[in-house]
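The primary structure of each chain is shown beneath.
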Amino acid sequence: MRTAPTVLHLDMDAFFASVEQASKPSLRGKAVVVGGLGPRGVVATASYEARVFGVRSALPMAQARRLAPNAAYLVPRFAFYRSISERVMELLRALSPLVEPLSLDEAFVDLEAGGAAWDERSARQAGAKLRADIRAVTGLTGSVGLAASKMLAKIASERAKPDGLVLIEPGTEQALLAPLSVRTLPGVGPATGDHLRRVGLHTVGDLAEAGEDELVRLLGKAHGHALYAMSLARDDRSVVAEREAKSVSVEDTYDVDIHDRVRVGVEVGRLADRCVRRLRTAGLSGRTIVLKVRRYDFSTLTRSETLRGPTDDPAVVREAAARLLDSVDTTGGVRLLGVGVSGLADYTQEDLFAQAAGERRKELPGEEAEAAASGEERPQAGAERRWPAGHDVRHSEYGHGWVQGSGLGRVTVRFETPWSAPGRVRTFRTDDRALHPADPLPLTERGPGDGEDSGDGEGDPSGQNGRGGDGRDAGGTRGGGPRDGRGPGAGAGAAARVRPG
Ligand SMILES: [Mg+2]
């Protein structure tokens, strides 16, 4: 393990919700929940204001609505989040060739490999500058953890949240870990956590004390061994830039070609389950699902689909494999089938992106499902126009706004832009010809690359926006309440309650 805290972990703060708050002045300082809004939807991200009510990622949306009935509930705008993520990742790649993204808003960076830092002081400086740059370029805040290993850098960024930087000094790791819950360690999910709890192992210190033999006895060789090393803060995993090459896959060759399409589907489902078991055993998750089909004539096809985030959920992998199978002609028979997962991440992450997309797919028929699966989020402009909550629109008379809610043939739009004061709400018929879907507006008025002198941003108490210096913020409009005089979040909450169904 290295001796300097030069592994950096960046985690954007409440990323999707923060993007929405930066886009929509009326939602700043308010409870905002982004996720699948249908009956089976889950929360992708909750703003810090919504977390106060107990709303968390992966919570079923129905439960979130009970906890925070007045929050604004918005449909994710994945393409927009991706475009912002790309700008953040660019900043990381400027620091080092070794950048390992874990999701849209999270990545490890090996500062030493890029010459960006070599000791505690230079690491802290690089981390602070990165945070300032992110704020200048995106208008958003990210938290930074710095440590001598990936595991501890991630723990550090968790402690830095929101809008902070924590550096764990080499030598202090074990003492810092000891009182923490076993769930802090990578690879300890709810099931392993429960298992350990039942035998009286609650903290990382308990694990270290239990000893390697005991952990191997409890969890098996690979997992027990790894967990013991982590409990002593030993983590030698390096930051790996290219993960796409790695994969976990399984395949079966059949003695007799399979002709029955239903049977082919069943086999693909079985292979998906087996593949996930292997993935889980290795403590991995992956983003790209690959299907391999060898036909009766030995022609071999592979099809792949990349999810929005890593998964180790058998249902998600099974569904993706089934979708891929749909695009393959198997008439004539199949002699080999394989399912693989690549684009691997060390951490088994909650697969919020894929879940959210999956939920939407289940709710939407046909073409719309396709659009949802591919991250297409534009309101539909067809005969029956859909106006997803939170998505951008343009009205020929009132200009740019976003859908606050729709239902019963009406759509409520709040007219405001990322740089305006909170705007007012107007209601239209859903088929109003003056109303059109629109592209998101950039969060910062200044483009990337011209934000060098915007200061380090550490002093901005709003934790919201780093546009400083252009004078537009002088009136302090950000902190102001909605112009229409309604209570916090009331508009969005009320609008969301009249959605169809
Ligand atoms: Mg985050």
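Everything quoted here is computed from the prediction, not taken from an experiment.

Remarks on the overall build of the chain
Line of reasoning, step 1. From N to C terminus, the chain includes 16 helices and 17 strands.
Line of reasoning, step 2. Out of the 501 residues belonging to the chain, those deemed buried represent 47%.
Line of reasoning, step 3. The contacts in the chain between residues at least 6 apart in sequence include a share of 63% that link residues at least 24 apart.

A closer look at the UniProt feature "binding site: Mg(2+)" (unreviewed entry) in the chain
Line of reasoning, step 1. UniProt's entry tags Asp11 and Asp105 with the feature "binding site: Mg(2+)" (unreviewed entry), counted in the numbering of this structure. On the basis of their most widely separated C-alpha atoms, the annotated residues across 95 residues gather in one place, lying no more than 5.8 Å apart.
Line of reasoning, step 2. Mapping Asp11 onto the fold places it in strand S1 (residues 7-12).
Line of reasoning, step 3. Asp11 sits in the buried class, given 23 other C-beta atoms within 10 Å.

A word on the pairing of strand S5 (residues 99-103)
Line of reasoning, step 1. Of all five residues in S5, five are buried, a share of seventy percent or more.
Line of reasoning, step 2. The sheet contact formed by S5 and strand S6 (residues 106-110) spans four bridges and is antiparallel. The residue of S6 that forms the bridge with Glu100 is Phe108.
Line of reasoning, step 3. Connecting S5 to the next strand, S6, in antiparallel fashion are two residues.

Quick word on the environment of Val268
Line of reasoning, step 1. Mapping Val268 onto the fold places it in helix H12 (residues 261-281).
Line of reasoning, step 2. When the 23 C-beta atoms within 10 Å are taken as the criterion, Val268 is described as buried.
Line of reasoning, step 3. Ignoring any residue separated from it by four or fewer positions in sequence, one finds Val268 in contact with Leu291, Ala321, Ala322, Leu325, Leu337 and Val339.

Description of the sheet that holds S5
Strand-to-strand pairing in sheets goes through backbone hydrogen bonds, with the strands running parallel or antiparallel.
Line of reasoning, step 1. Spatially, five strands are ordered S5-S6-S1-S7-S8 in an open sheet, and the strand pairing comes out mixed. At either margin of the open sheet sits one strand with a lone partner, and together these are S5 and strand S8 (165-167). With direction set aside, neighbouring strand axes in the sheet form an average angle of 15°.
Line of reasoning, step 2. Contacts between helix H5 (residues 120-138) and the sheet are confined to S1, strand S7 (142-147) and S8, with S7 contributing the most and set at about 165° to the helix.

Remarks on the sheet that holds strand S14 (residues 399-407)
Line of reasoning, step 1. Strand order in the open sheet made by the five strands is S16-S15-S14-S13-S17, with antiparallel pairing throughout. The open sheet has two edge strands with one neighbour each: strand S16 (424-429) and strand S17 (435-437). In this sheet, neighbouring strand axes are inclined to one another by 40° on average, regardless of whether the strands run parallel or antiparallel.
Line of reasoning, step 2. Where strand S13 (residues 392-395) meets S17, three bridges bridge the pair, whose relative direction is antiparallel. Residue Arg394 lies in a different strand from S17, and its bridge partner there is His436.

Quick word on the environment of Arg318
Line of reasoning, step 1. Along the chain, the position of Arg318 falls in helix H13 (residues 314-326).
Line of reasoning, step 2. Since 21 C-beta atoms lie within 10 Å of it, Arg318 is described here as buried.
Line of reasoning, step 3. Excluding residues within four positions of it along the chain, Arg318 makes contact with Gly269, Ala272 and Asp273.

Quick look at the nonpolar core
Line of reasoning, step 1. Core analysis: the largest hydrophobic core is formed by 94 residues, its most contacted members being Leu8, Val32, Val33, Ala71, Val109, Leu152 and Ala156.
Line of reasoning, step 2. Summarising the domain contributions, this core has at least three residues from each of domain 1 (1-168 + 450-501) and domain 2 (175-231).
Line of reasoning, step 3. Apart from the residues within four sequence positions on either side, Leu8 is in contact with Phe108, Val109, Leu111, Gly127, Val144, Leu146 and Ala153.
Line of reasoning, step 4. Ranked by size, the runner-up nonpolar core spans 25 residues in total, among them Leu279, Val316, Ala321 and Val334.

So, the UniProt feature "site: Substrate discrimination" (unreviewed entry) in the chain
Line of reasoning, step 1. According to UniProt, the "site: Substrate discrimination" (unreviewed entry) feature falls on Phe16.
Line of reasoning, step 2. Of note, Phe16 is situated in helix H1 (residues 15-23).
Line of reasoning, step 3. The exposure class assigned to Phe16 is buried, which follows from the 31 C-beta atoms found within 10 Å.
Line of reasoning, step 4. Among residues more than four places away in sequence, those in contact with Phe16 are Val34, Ala44, Thr45, Pro76 and Tyr81.

Here we look at H5
Line of reasoning, step 1. For H5, built from 19 residues, the straight-helix expectation of 27 Å at 1.5 Å per residue is met to within 8% by its first-to-last C-alpha distance of 27 Å.
Line of reasoning, step 2. All of the buried residues in H5 are Ala123, Ala126, Gly127, Leu130, Arg131, Asp133, Ile134, Arg135, Ala136, Val137 and Thr138.
Line of reasoning, step 3. If you follow the buried residues of H5, they end up packed against S1, helix H4 (78-95), S7 and S8.
Line of reasoning, step 4. Following H5 by one or two positions, Gly139 has its phi on the positive side, about 80°.

Regarding the packing of H12 against H13
Line of reasoning, step 1. Where H12 meets H13, the axes come as close as 9 Å, and the angle between the chain directions of the two elements is 140°. Accordingly, the angle class assigned to the pair H12 and H13 is oblique. Along this stretch, H12 crosses H13, giving a crossing that reads as right-handed. Each of Val264, Gly265, Val268, Gly269, Ala272, Asp273, Cys275 and Val276 in H12 lies in contact with H13, whose residues at this interface are Pro314, Val317, Arg318, Ala321, Ala322 and Leu325.

Reading guide: rules and limits
- Within each chain, residue numbers correspond to sequence positions counted from 1 in written order.
- Side-chain atom pairs in this predicted model are given and counted only at pLDDT of 80 or more, local residue features only at pLDDT of at least 70, and totals for whole chains, interfaces and linings cover all residues.
- Think of it this way: any DSSP run of H or I at least four residues long counts as a helix, any run of E at least two long counts as a strand, and we number them from the N terminus.
- With C-beta atoms placed from the backbone, a residue is labelled by how many other C-beta atoms lie within 10 Å of its own: buried for 20 or more, exposed for 12 or fewer, partly exposed between the two.
- Once C-beta atoms have been placed from the backbone, residue pairs whose C-beta atoms lie within 7 Å are recorded as contacts.
- UniProt positions are given in the numbering used here, feature names are shortened, and annotations may be inferred rather than shown by experiment.
- Two strands make a pair as long as DSSP finds a minimum of two bridges between them.
- Lines fitted to the C-alpha atoms define the axes, with helices restricted to the stretch that makes contact. Angles between their N-to-C directions range from 0 to 180 degrees.
- Think of a nonpolar core as buried Ala, Val, Leu, Ile, Met, Phe, Trp, Tyr and Cys residues chained together by C-beta atoms that fall within 7 Å.
- Reported domain spans reflect what an automatic or database domain assignment gives.
- In this analysis, the expected span of each helix is defined as 1.5 Å times one less than the number of residues it contains.
- Roughly parallel means an angle under 35 degrees; roughly antiparallel means over 145; roughly perpendicular covers 65 to 115; every other angle is labelled oblique.
- Less than a right angle of anticlockwise turn of the near helix away from the far helix marks a crossing as left-handed, whereas a clockwise turn marks it as right-handed.

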